[in-house]
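Summary of the model geometry
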Amino acid sequence: MKIDRVEATTIEDTRGRPTIEVTLEAQQGSTLHSNSQGRTLLRATASVPSGKSTGSHEALELRDSESGSVEQAIENVQFEIARAIMGREFASADELDAFLIELDGTPDKSRLGANALLAVSIAAQRLFAQAEGVPLWRAIATRAGTTPKAPRLYVNVMNGGAHADFKLPFQEYLLVVEGKTSEALPIAHEAFKKLGERLSSTELEASGVPMGDEGGYAPTFSDLQQPFKLLAELVQEFPGTSIAIDAAASELYRDGAYHLLDKTYTPDELLALYVHAASALPIHSIEDPFAENASEDFTQITAALGDKILIIGDDLTVTDPARVKKAAERKEINAVLIKPNQIGTVKETIEAVRATYAAGFAAVASHRSGETSDTFIADFAYGIGAHGLKAGGFAQSERVAKYDRLLAIEREAGAV
Ligand code: PGA
Ligand code: ZN
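Some words on the pattern of salt bridges
Evaluated as defined, the whole model comprises 25 salt bridges. A salt bridge links K339 to D314; its shortest N-O distance comes to 2.8 Å. Here D314 lies in the loop between β11 (310–313) and α9 (321–329) and K339 lies in the loop between β12 (335–338) and α10 (346–358), a separation of 25 residues in the sequence. Among the charged side chains, a salt-bridge network with shared partners connects D94, D97, R143, K347 and E351.

Listed below in structure tokens is the structure:
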């Protein structure tokens, strides 16, 4: 395939910050939908999300300054990347990604920007899927060598941490919903609504429940148990659901201790808290239970709870195949969060998935806290047969779009 047009522009993410959108065009020789020269025009667009509680080992998101604009990243796509890829023959999306990685030439994508590279990489994956005449999820499954399957829904119901001014200590309280999307999604919606009613009926939130960055509620609680109690009630009412948390504990760690509400915890005390929660509550998974460099604490919690629940690495592993391998050797986790923009190309994201599966771990695909309407992550989750997809709460259409894409995929998959 030869790409003959590359466009990049700025759009706003859910936090109103600029991010990058790329459109690629290519010609394909075919009689189907042909233009006057007897060739098919292929056109694909992709935009990239942006994190807030980012791991320090993530690939670099190129921003111009504190203003946060992405003009340099856009310029890099429109000039250097466009000039390098246009008119060149690429046999596969993998070949194109390998070319992009080499063109950037840095280990953390800091020259051209992981945001610039990923937008091109995703749009290119879409072009190749179109050229092959297969749905995006199918093209991803073929490329990754995985068996497509509907992921569990990891629905963000309450936001805390950096996504809600630390009104709750843990960054995310999620409801995990099992089953096929068309059955799981209505259950998730109903549970979400019910929780909202309960939160707004408390005196604390009499003036309406605020919402957090990821489209879930952002209530204030004065003790750690209250949010878990509410979630445990929901799980009882809605069979096939369970609780997940993303502690995002790097954000809680200062001066050798973890700060949760008005108390500090040593790593051992925090571990005891998790062990107690996992025995008393229907907990499915805990993400980033300790700070990103607390290797031994990760190993300890996985030894203690790994046969019962998933211990997910996010800031710990940053979708980096080498870090996933290291985490496997050290038995730090038994599941990996997969976020394409932590590494910067679809090719390397797939390599991280391969390393995850090679270790016998589960993969949970994830959006970012600053999102766009791009639904690539839903196709990716389905294509790799992910254990789950974290796509946020229902208060933002950019999150709902991902769940709706899973519904569409269910129909597509049923039709073939
Ligand atoms: P982020 O949060 O996108 O702000 O990094 C998501 C997460 O930590 O899972
Ligand atoms: Zn996380």
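Brief notes about the coordination of the zinc ion (ligand 2)
Distances from the zinc ion (ligand 2) to its protein donors, D246 (OD), E287 (OE) and D314 (OD), fall at 2.0 to 2.2 Å. Mapped onto the polypeptide sequence, the residues donating to the zinc ion (ligand 2) form the spacing pattern D-x40-E-x26-D. Here D246 is found in strand β6 (residues 241–246), whereas its partner D314 is found in the loop between β11 and α9, with 68 residues between them in sequence. Overall, D314 belongs to the buried group, its relative accessible area being 2%.

Details of the environment of I187
Inspection of the secondary structure assignment puts I187 in helix α5 (residues 181–201). Between the C-alpha atoms of I187 and F128, which are 59 residues apart in sequence, the distance is 35 Å. Those residues in contact with I187, other than ones at most four positions away along the chain, are V177, F238 and T241.

A word on the site of ligand 1
The environment of ligand 1 is formed by 15 residues, the closest being K52, H163, R368, S369 and K390. S53 has a polar backbone atom sitting 3.0 Å from an oxygen atom of ligand 1. Look at ligand 1: alone it shows 280 Å² of surface, and the protein chains cover 100% of it. Considered class by class, the residues forming the shell around ligand 1 number one nonpolar, five polar and nine charged. A domain split of the shell around ligand 1 shows at least three residues from each of domain 1 (3–133) and domain 2 (144–415).

Regarding helix α2 (residues 93–104)
The end-to-end C-alpha separation of α2 is 17 Å, in line with the 16 Å expected for twelve residues at 1.5 Å each. Within the span of α2, buried status applies to A93, L96, D97, F99, L100 and D104. Looking down the long axis of α2, one finds its buried residues gathered within 160 degrees of arc, a one-sided arrangement. As for α2, its buried residues are in contact with β1 (3–12), α1 (71–85), α3 (114–132), α4 (136–144) and α10. Positive backbone phi, approximately 75 degrees, marks G105, located one or two places after α2.

What to know about the side chain of D246
Owing to a relative accessible area of 1%, D246 belongs among the buried residues under this scheme. Here A248 takes part through its backbone nitrogen, which lies 2.9 Å from a polar atom of the side chain of D246. Not counting residues within four places of it along the chain, the set of residues in contact with D246 comprises F170, Q171, E172, L174, E287, D288, D314 and K390.

Some thoughts on the pairing of strand β5 (residues 172–177)
Along β5, six of the six residues are buried, which leaves the element largely enclosed by surrounding structure. By the bridge criterion, six bridges tie strand β4 (residues 152–159) to β5 in an arrangement that is antiparallel. Paired with M158 across the two strands is Y173, which belongs to β5. Sheet topology places β5 next to β6; six bridges connect them, and they run antiparallel. The residue bridging V176 from the neighbouring strand is S242, located in β6.

Describing the nonpolar core
Counting 124 residues, the largest nonpolar core has F170, Y258 and Y274 as its most contacted members. Considering each element in turn, this core owes the most residues, eleven residues, to α3. Excluding residues that lie within four positions of it along the chain, F170 makes contacts with G160, G161, F228, I245, D246, A247, L252, L260, L273 and Y274. The next biggest cluster of nonpolar side chains, apart from the first, holds ten residues, and it includes L174, V176, I312 and A362.

Definitions and cut-offs
Residues numbered from 1 in each chain as written. Chains lettered and ligands numbered in written order. Predicted model: local features only at pLDDT ≥ 70, side-chain atom pairs only at ≥ 80, totals over all residues. Heavy atoms only, no water. Salt bridge = Lys/Arg side-chain N within 4 Å of Asp/Glu carboxyl O. Helix = DSSP H or I, 4+ residues; strand = E, 2+ residues; numbered from the N terminus. Donors = N, O, S within 2.8 Å, 3.2 Å for Na, K, Ca; no water. Buried < 20%, exposed > 50% of the residue type's maximum accessible area, 1.4 Å probe, protein only. Contact = heavy atoms within 4.5 Å. Near = heavy atom within 4 Å. Polar contact = N/O pair within 3.5 Å; in protein donor to acceptor, adjacent residues only side chain to side chain. Areas by Shrake-Rupley, 256 points an atom, 1.4 Å probe, with all protein chains shown as cover. Nonpolar A, V, L, I, M, F, W, Y, C, P; charged D, E, K, R; others polar. Domains from an automatic or database assignment. Expected span 1.5 Å × (residues − 1). Arc of directions from axis to C-beta. Pairing = 2+ DSSP bridges. Core = buried A, V, L, I, M, F, W, Y, C linked by side-chain atoms within 4.5 Å.

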